[in-house]
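# A closer look at the structure
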Number of protein chains: 2
Amino acid sequence: MKMYMDCILCFVRQSLEVARYLGADESTQERVMKRVLAEGAKLDMRLPPPLSGQMVHRIIREELGQADPYLEQKDRFDRMAMGMEAEYREKIRRSANPLETAVKLAIAGNIIDFGIGLVGDGHLHEAIEHALATAIDPRIMERLEREVRGAKDILYLADNTGEIVFDKLLIELLGPEKVTLAVKAGPIINDVTRREAELVGLAEMVEVIDNGTDAPGTPLGQCSREFLERFESAALIVSKGQGHYETLSEEGGRPIWFLLKAKCSVVAEHLGVPMGAVICQPIGRRL
Amino acid sequence: MKMYMDCILCFVRQSLEVARYLGADESTQERVMKRVLAEGAKLDMRLPPPLSGQMVHRIIREELGQADPYLEQKDRFDRMAMGMEAEYREKIRRSANPLETAVKLAIAGNIIDFGIGLVGDGHLHEAIEHALATAIDPRIMERLEREVRGAKDILYLADNTGEIVFDKLLIELLGPEKVTLAVKAGPIINDVTRREAELVGLAEMVEVIDNGTDAPGTPLGQCSREFLERFESAALIVSKGQGHYETLSEEGGRPIWFLLKAKCSVVAEHLGVPMGAVICQPIGRRL
């Protein structure tokens, strides 16, 4: 998926919002914004939108002199989600279709995305209610179940902290023994890195690799050789969130399932769904 | 008033909105936005915000190859307001305080501002209702009335088309024989130029001069010598709209009355009023 004009507005807005959120003073805000504008002026619109997010957040980290500005928020959301983990594991176990419930919860967790906007605790509960109430086409769920059962290995592309706890509940159903979790190689917004995979107990459950980038997505041209080998060979790929969708939506040659909430108008339009829609679909196929 | 960080977001957003509104194709939109971003990256934040509006709209006119892209809209709003002219002249005549009613209507007309956003016909009626229902401090109205009566000449800084018809009704009360109307020297958004002052019949009623600029305001450093002489010598200055306020808010040495609607959060905050507030105040004095 390429960059849209609206993506430019969005990353300019984000750069100011984030600089303020992270407590930057006026002159730092000005330096951040002006560097972002200068980069924007020479942006290649054929690139996928997460590469502008990568650019903005590299500038933010440099100008603020902080290697991981969201560290505290990442841990807060991980702890919050871990406080809900046992309750939702039980909810999945008791439900009529555990895989479907786990998928919906994992998608609901995708609301915890500081790249889109600031998230309050209430947003998560609302997203869970909404996701659980959303009907997923039974044929889609049957196909997912069949493909999961048949797959000898699954590459799971992690997205955000907090959300990762719900991914853990889904991975428990997919079969941890055949799942490899791919995380980001370095801090980017509130995305999961190896550190957070360890924090929520996923690192002792599945193999964890990183994708070699600090982009909020999977830009294959930037990924490590190790990641690319897994990406090319995996029997099934579960891709969580907008960023991976935006960078992999044209990779029709790979068996990718996209699980996400459509959180911005550009992605919603690209998917042909309303904003906020719960998406569970194999590549090239719509619910 | 200086540039704020939010002004940058606003003019980037405007540049896309306007390019689309004026029917620019994707590649023209991209050229407009990238030139705006490049200019924004080297912006002097000490300048008043209308200078960024001037920059954006110069780029728009160049890239679209149109000298006056809003011409049709300007004429449409002038005609619409002229259709209401007789009715509101009568309303002013019959009201308990004609000057106050005329001031409120002239401020309501200030909603017709394409620099802020697109305006529908309904917005004007809503703004008129709101302005007429707004209480203006009687001491402020008495002071304005006294200063108008005592002034040997009045310089009236025109703002937008459509709005100008309501200015005409106010100028009829101020005394056309002592009013000079200052318009923009060239097309900028939907601001009044000499052409529109003629179209609504003001040119035959008062002397019309231009301020020497195509900025949506009065940046004194860019104004013509003729305008500056009038600005320095006028016994009273009536300044319509945000753009003039943003460029003249520090000119405490001149007897300026600001009449405007506070249409953006930055100006509202600078004035210490809520968004949408009806402002009628001499410089340095708040309602």
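To keep things clear, this report deals only with the structure shown in the data block. None of these values were measured; they are calculated from a predicted model.

Here we come to the overall build of chain A. Secondary structure assignment for chain A yields 12 helices and 6 strands. Expected size for 287 residues packed as a compact globule is a radius of gyration near 19 Å; at 18 Å, chain A falls within 12% of this value. Taken along the three principal axes of its C-alpha coordinates, chain A extends 55 × 40 × 35 Å. Burial status across chain A gives 61% buried among its 287 residues. Considering only intrachain contacts with a sequence separation of at least 6, the fraction spanning at least 24 residues in chain A is 70%.

The next thing to look at is the nonpolar core. Counting residues in hydrophobic clusters, the biggest one holds 200 residues, and the most contacted among them are Val103 and Leu181 of chain A together with Val103 and Leu181 of chain B. The greatest single-element share of this core, amounting to 9 residues, is contributed by helix α1 (residues 5–21) of chain A. If we ignore the near neighbours within four places in the chain, the residues touching Val103 of chain A are Ile136, Met141, Leu144, Leu170, Leu259 and Cys280 of chain A.

With that settled, the discussion passes to unusual backbone geometry. For Ile189 of chain A, which is not glycine, the phi torsion reads 50 degrees and is therefore positive. Structurally, the position occupied by Ile189 of chain A is in the loop between β2 (179–183) and α9 (194–199).

Below, the discussion takes up the sheet that holds strand β4 (residues 236–240) of chain B. Residues and elements named next belong to chain B. The 6 strands lie next to each other as β3-β2-β1-β4-β5-β6, forming an open sheet whose pairing is mixed. Of all the strands in the sheet, just β3 (207–210) and β6 (278–282) have a single pairing partner and so form its edges. Pairwise comparison of adjacent strand axes, ignoring direction, gives a mean angle of 20 degrees for this sheet. Sheet contacts for helix α5 (residues 98–109): β1 (154–157), β4, β5 (256–261) and β6; angle to β5, the most-contacted strand, approximately 55 degrees.

Take the relation of the copies chain B and chain A next. Once chain B has been moved 0.0 Å along the axis and rotated by 180 degrees, it coincides with chain A to within an RMSD of 0.0 Å. Considering both components of the superposition, the chain copies are consistent with a two-fold axis. The residues that chain B uses at the interface reappear at the interface of chain A in 95% of cases, marking a shared surface.

Another point: the pairing of β5 of chain B. Residue and element names in this part refer to chain B. The element β5 is largely enclosed, with a buried count of 6 among its 6 residues. Where burial is concerned, the two faces of β5 agree: the one with Ile256, Phe258 and Leu260 and the one with Trp257, Leu259 and Lys261 are both buried. Two elements, β4 and β5, share 4 bridges in a ladder whose sense is parallel. When the sheet's bridge partners are listed, Lys240 is paired in β5 with Leu259. Read from β4 through helix α11 (residues 242–248) to β5, the crossover connection turns out right-handed. As judged from the 5 bridges shared by β5 and β6, these two strands associate in the antiparallel manner. Within the sheet, the bridge partner assigned to Leu260 lies in β6 and is Ile279.

With that settled, consider the sheet that holds strand β6 (residues 278–282) of chain A. Residues and elements named next belong to chain A. Spatial strand order, β3-β2-β1-β4-β5-β6: 6 strands in an open sheet with mixed pairing. Single-partner strands in this sheet number two, and they are β3 (207–210) and β6. Each strand of the sheet is rotated relative to its neighbour by a mean of 20 degrees, with strand direction disregarded. With 4 bridges connecting them, strand β1 (residues 154–157) and β2 associate as parallel partners. Note on β2: the bridge partner recorded for Leu157 is Ala182.

Looking now at helix α8 (residues 163–174) of chain A. All names here are of chain A. Across its 12 residues, α8 extends 17 Å between first and last C-alpha, which sits within 8% of the 16 Å expected from 1.5 Å per residue. Counted residue by residue, α8 has 10 buried out of 12 residues, so it is predominantly covered. Within two residues after α8, Gly175 carries a phi angle of roughly 105 degrees, on the positive side.

So, on to the packing of aromatic side chains. Given two aromatic rings, their pairing is described by the distance between the two centres and the angle made by the two planes. All names here are of chain A. Across all of its chains, the model carries 8 aromatic pairs over all chains by this definition. Considering the side-chain rings of Tyr245 and Phe258, the 5.0 Å spacing of their centres and the 85 degrees angle between planes classify their relative orientation as edge-to-face. Here Tyr245 is found in helix α11 (residues 242–248), whereas its partner Phe258 is found in strand β5 (residues 256–261), with 13 residues between them in sequence. For the residue pair Tyr245 and Phe258, the accessibility class agrees, reading buried in each case.

The interface of chain B with chain A comprises 22 residues on the first partner and 21 residues on the second. Each partner contributes to the roughly 1,800 Å² buried at the junction of chain B and chain A, and carbon and sulfur atoms together form 72% of this total. Of all residues in chain B, the largest losses of buried area upon contact with chain A belong to Met5, Lys34 and Leu37 of chain B, amounting jointly to 34% of the total for that side. Note that Arg20 of chain B and Asp6 of chain A form a salt bridge whose closest N and O atoms lie 2.9 Å from each other. Along the contact surface separating chain B from chain A lie 4 residue pairs in polar contact (both at pLDDT 80 or more). Of all the elements in the fold, those that place two or more residues in the side of chain B that touches chain A are α1 (5–21) and α2 (26–41) of chain B. Among the elements that line the side of chain B that touches chain A, the one with the most residues is α2 of chain B, at 9 residues. Classifying every residue of the side of chain B that touches chain A by side-chain character gives 11 nonpolar, 2 polar and 9 charged.

Rules used throughout
- Residues numbered from 1 in each chain as written.
- Chains lettered and ligands numbered in written order.
- Predicted model: local features only at pLDDT ≥ 70, side-chain atom pairs only at ≥ 80, totals over all residues.
- Heavy atoms only, no water.
- Helix = DSSP H or I, 4+ residues; strand = E, 2+ residues; numbered from the N terminus.
- Rg over C-alpha atoms; globule rule 2.2 N^0.38 Å.
- Buried < 20%, exposed > 50% of the residue type's maximum accessible area, 1.4 Å probe, protein only.
- Contact = heavy atoms within 4.5 Å.
- Core = buried A, V, L, I, M, F, W, Y, C linked by side-chain atoms within 4.5 Å.
- Pairing = 2+ DSSP bridges.
- Axes fitted to C-alpha atoms, helices over the stretch in contact; angles between N-to-C directions.
- Least-squares fit on C-alpha atoms with pLDDT ≥ 70 in both.
- Right-handed = clockwise from strand over helix to strand, strands pointing away.
- Expected span 1.5 Å × (residues − 1).
- Phe/Tyr/Trp six-rings, centres within 6.5 Å; stacked < 30°, edge-to-face > 60°.
- Buried area = accessible area lost by both parts, 1.4 Å probe.
- Salt bridge = Lys/Arg side-chain N within 4 Å of Asp/Glu carboxyl O.
- Polar contact = N/O pair within 3.5 Å; in protein donor to acceptor, adjacent residues only side chain to side chain.
- Nonpolar A, V, L, I, M, F, W, Y, C, P; charged D, E, K, R; others polar.

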